[in-house]
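Here are the chains, one letter per residue:
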Amino acid sequence: MQLKNPILGLCQQSTFMLSAAKVDQCPDDEGFEVAFAGRSNAGKSSALNTLTHASLARTSKTPGRTQLLNFFKLDDDRRLVDLPGYGYAKVPIPLKLHWQRHLEAYLGGRESLKGLILMMDIRHPMTDFDLLMLDWAVASGMPMHILLTKADKLTYGAAKNVLLKVQADIRKGWGDAISIQLFSAPKRMGLEDAYTVLAGWMELADKGSEVAEQ
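Within any chain, residue numbers begin from 1 and follow the written order of that chain's sequence. Local features in a predicted model are, by the rule used here, given only for residues with pLDDT of at least 70; side-chain atom pairs are given and counted only at 80 or more, and totals for whole chains, interfaces and linings are based on all residues. Working from all heavy atoms in the structure, the side-chain values ignore hydrogens and water.

### Overview of the pattern of salt bridges
Next up, step 1: Salt bridge, as applied in this entry: a Lys or Arg side-chain nitrogen positioned within 4 Å of an Asp or Glu carboxyl oxygen. Per the counting criterion, the structure on display carries ten salt bridges.
Next up, step 2: Across the salt bridge formed by lysine 44 and aspartate 82, the nearest N and O atoms sit 2.6 Å from each other. Pair noted here: lysine 44 is in helix H2 (residues 44–52) and aspartate 82 is in strand E4 (residues 78–82), with a separation of 38 residues, a long-range link. Residue lysine 44 shares its accessibility class with aspartate 82, and that shared class is buried.
Next up, step 3: Several salt bridges share partner residues, and in doing so they unite Asp29, Glu33, Arg79 and Arg110 into one network. By definition, any uninterrupted DSSP run of H or I lasting at least four residues is a helix, any uninterrupted run of E lasting at least two residues is a strand, and each is numbered from the N terminus. Under the scheme applied here, a residue whose accessible area is under 20% of the maximum for its type counts as buried, over 50% as exposed, and between as partly exposed, the area being computed with a 1.4 Å probe on protein chains only.

The following block contains the structure:
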């Protein structure tokens, strides 16, 4: 019998917790957090909603609407965090600077942050923002997993070619520590791989095998 990934139940029961404009408004810095980052048009909210089976993250036809750090509770010790989308031209400069300052403070000082999911649109990967996030993750030793989103927009062969190229570029520039996969929210492609990463970072990876041994 195949055991269910323990993160699945937690994601299905996830609830909105709070929004924070500044780091001092975040929940207590304890337990396990995984943050989701990406450019404003990378499909971040759609990915979060697909992983949680709920409309937790706000999707909009106007990119750049996520202007706060949004926290979603999985259980008393575990949270997902939707970070502000970056790179949308119509967002005023002062607001961009505010996001940047508080995002850096969150990423650099949050002890409970266990990993970062970076979303890249498969049709436009490795943007300047993506490169900055890769640099930061490697320099700070933060685990990172990349979702190449909107993979359904390409044929499987073309999507696989992009995956292999981006994978090779990352290994050459940043080493082997960063993992990457194809992902499509509408097609529900890549969910199992993403859940496996989340479970590992949140120290749930061995719970299924513990149940099996009893």
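### Details of the environment of lysine 44
Next up, step 1: Its relative accessible area of 5% is what places lysine 44 among the buried residues.
Next up, step 2: With 73 residues separating them along the chain, lysine 44 and isoleucine 117 place their C-alpha atoms 9.5 Å apart.

### So, helix H6 (residues 191–201)
Next up, step 1: Turning to H6, its buried residues number three or more, namely Leu191, Ala194, Tyr195, Val197, Leu198, Ala199 and Trp201.
Next up, step 2: Downstream of H6 by a residue or two, glutamate 203 has a phi angle that is positive, lying close to 60 degrees.

### A closer look at the nonpolar core
For soluble globular proteins, nonpolar side chains are generally found buried alongside one another.
Next up, step 1: In these notes, a set of buried Ala, Val, Leu, Ile, Met, Phe, Trp, Tyr and Cys residues joined through side-chain atoms within 4.5 Å is what counts as a nonpolar core. In this structure, Leu83, Tyr106, Leu116, Leu134, Met144, Ile146 and Ile170 are the most contacted members of the largest nonpolar core, which totals 34 residues.
Next up, step 2: The criterion used for residue contact is that any of the two residues' heavy atoms lie within 4.5 Å. With residues up to four places along the chain from it excluded, the contact list for isoleucine 146 reads Leu118, Met120, Leu134, Ile170, Ile178, Ser179, Ile180 and Gln181.
Next up, step 3: Formed by 28 residues, the second largest nonpolar core is a distinct cluster that contains Phe36, Ala42, Leu74 and Met202.

### Examining the side chain of glutamine 181
Next up, step 1: Examined against the element boundaries, glutamine 181 turns out to sit in strand E7 (residues 179–182).
Next up, step 2: You can call glutamine 181 buried: its relative accessible area is 4%.
Next up, step 3: Separated by 3.2 Å, the side chain of glutamine 181 and the backbone nitrogen of alanine 194 make a polar contact. Here a polar contact is taken to be a pair of N or O atoms separated by no more than 3.5 Å, where protein atoms must pair a possible hydrogen donor with a possible acceptor and residues adjacent in sequence count only if both atoms sit in side chains.

### Topic: the packing of aromatic side chains
Next up, step 1: When the centres of two rings from Phe, Tyr and Trp lie within 6.5 Å, Trp using its six-membered ring, the rings pair. Their planes under 30 degrees apart give stacked, over 60 give edge-to-face, and anything left gives tilted. Following the criterion strictly, the structure yields two aromatic pairs and no others.
Next up, step 2: Consider the rings of phenylalanine 71 and tyrosine 106, whose centres lie 6.3 Å apart with planes at 80 degrees: the pair is edge-to-face. You can see phenylalanine 71 sitting in strand E3 (residues 69–75) and its partner tyrosine 106 sitting in helix H3 (residues 93–109), a full 35 residues away along the chain.
Next up, step 3: Residue tyrosine 106 is classed as buried on the basis of its relative accessible area, which comes to 0%.

### Some words on the environment of leucine 118
Next up, step 1: Relative to the helices and strands, leucine 118 resides in strand E5 (residues 113–121).
Next up, step 2: Remark: the alpha-carbon pair of leucine 118 and leucine 147, spanning 29 residues in sequence, is separated by 6.2 Å.
Next up, step 3: Among all residues touching leucine 118, those that are not within four sequence positions of it are Ala37, Gly38, Phe129, Asp130, Met133, Met144, His145, Ile146 and Leu147.

### Re unusual backbone geometry
Next up, step 1: The backbone phi angle of methionine 126 is positive, close to 60 degrees, even though this residue is not glycine.
Next up, step 2: Tracing the backbone shows methionine 126 in the loop between E5 and helix H4 (128–140).

### A short note on the side chain of arginine 79
Next up, step 1: Structurally, the position occupied by arginine 79 is in strand E4.
Next up, step 2: Judged by relative accessible area, which is 4%, arginine 79 ranks as buried.
Next up, step 3: At 2.5 Å, the side chain of arginine 79 and the backbone oxygen of glutamate 30 are in polar contact.

### Re the sheet that holds strand E6 (residues 144–149)
Next up, step 1: Criterion used throughout: strands pair if DSSP finds at least two bridges between them. Ordered by their spatial adjacency, seven strands build an open sheet running E1-E3-E4-E2-E5-E6-E7, and the pairing between neighbours is mixed. Both edges of this open sheet fall to strand E1 (15–20) and E7, since each of them pairs with a single strand only. In this sheet, adjacent strand axes meet at a mean angle of 25 degrees when their direction is disregarded.
Next up, step 2: Relative to E3, E1 runs antiparallel, the two being bridged by five bridges. Each residue of the ladder has a partner; that of threonine 15, found in E3, is lysine 73.
Next up, step 3: Set on the sheet, H4 makes contact with strand E2 (32–38), E5 and E6; between it and E5 the angle comes to about 160 degrees.
Next up, step 4: Only the stretch in contact is used when a helix axis is fitted, and all axes are lines through C-alpha atoms; the angle between N-to-C directions ranges over 0 to 180 degrees. On top of the sheet, helix H5 (residues 156–174) reaches E6 and E7; it is set at about 170 degrees to E7, its chief contact.

Any functional reading would require information beyond the geometric quantities listed.
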